[in-house]
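One-letter residues, chain by chain:
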Amino acid sequence: MKQLTLVLLGALLGACSSFNGAPQAHLDGEVFYLQRMALPPSATLSVTLQDVSLADAPAQVLARQSGPVTGQVPLPFQLNYDPRQIQPGHRYAVSARIESQGQLLFISTEQHSVQLDGKDPQPLRIRVNPARQPNPAP
């Protein structure tokens, strides 16, 4: 009987240690652009959920998804965040960028505000625009 109790207690403790207990919420969406062009195979997508409440301070990142682009636009994303980090009266926004070999190709230029109250339309649609490239030297 003692062995059975120890085995069950061990299994219970093992299950508890693999569960961090942090509640999770998520935003689903897609990133797109209007230009008729394919992305290079080395392209990476980065989508960020930020607290943009403070005008004179860097935005606080609440969630980020970053990785290689597979396929072409629209590019799906899912941002998982801890709802306990959401503060009443704060403003939140989602931004996106596409890079290739360290060079910025596309970036979101409009603020995509989200309420994070469960009423945001999903999937979010984040439009990115071409980044301005420096003019080549003559």
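As recorded in an unreviewed UniProt entry, the chain goes by the name YbaY family lipoprotein, listed as coming from Pseudomonas eucalypticola.

Before going further, it helps to examine the pairing of strand β4 (residues 75–81). Side-chain alternation along β4 places L75, F77, L79 and Y81 on a buried face and P76, Q78 and N80 on a face that remains uncovered. Where strand β1 (residues 25–32) and β4 come together, seven bridges link them in antiparallel fashion. If you follow E30 over to β4, its bridge partner there is P76.

Across the chain, the average pLDDT comes to 85, with 80% of residues at 70 or higher. Counting contacts from residues 1–19, a segment whose pLDDT is below 50, to residues more than four positions away or on other chains yields zero contacts.

Below, the discussion takes up the sheet that holds β4. Reading across the sheet, the three strands line up as β4-β1-β8 and stay open at both edges, with mixed pairing between neighbours. This sheet does not close on itself; its edge strands, each paired only once, are β4 and β8 (124–127). Ignoring which end each strand starts from, the neighbouring axes of this sheet average 30 degrees apart. Sheet analysis places β1 next to β8, joined by four bridges and oriented parallel. Paired with F32 across the two strands is R127, which belongs to β8.

A separate point is the nonpolar core. Across soluble globular proteins, nonpolar side chains have a tendency to be buried as a group. V31, L49, V94 and I98 are the most contacted members of the largest nonpolar core, which has 27 residues in total. Mapped onto this core, the elements with two or more residues apiece are β1, β2 (43–51), β3 (60–68), β4, β5 (92–100), β6 (103–107) and β8.

What follows covers the side chain of N129. Within the element layout of this structure, N129 appears in strand β9 (residues 129–130). When residues no more than four places from it in sequence are discounted, the contact partners of N129 are L105, F106, I107 and T109.

We now examine the environment of A38. Along the chain, A38 falls in the loop between β1 and β2. Taking the C-alpha atoms as reference points, A38 and V73, 35 residues apart in sequence, are found 8.5 Å from one another. Apart from residues lying up to four places away in sequence, A38 is in contact with Y33 and Q72.

Rules of the game
- Residues numbered from 1 in each chain as written.
- Predicted model: local features only at pLDDT ≥ 70, side-chain atom pairs only at ≥ 80, totals over all residues.
- Heavy atoms only, no water.
- Buried < 20%, exposed > 50% of the residue type's maximum accessible area, 1.4 Å probe, protein only.
- Helix = DSSP H or I, 4+ residues; strand = E, 2+ residues; numbered from the N terminus.
- Pairing = 2+ DSSP bridges.
- pLDDT = per-residue confidence, 0-100.
- Contact = heavy atoms within 4.5 Å.
- Axes fitted to C-alpha atoms, helices over the stretch in contact; angles between N-to-C directions.
- Core = buried A, V, L, I, M, F, W, Y, C linked by side-chain atoms within 4.5 Å.

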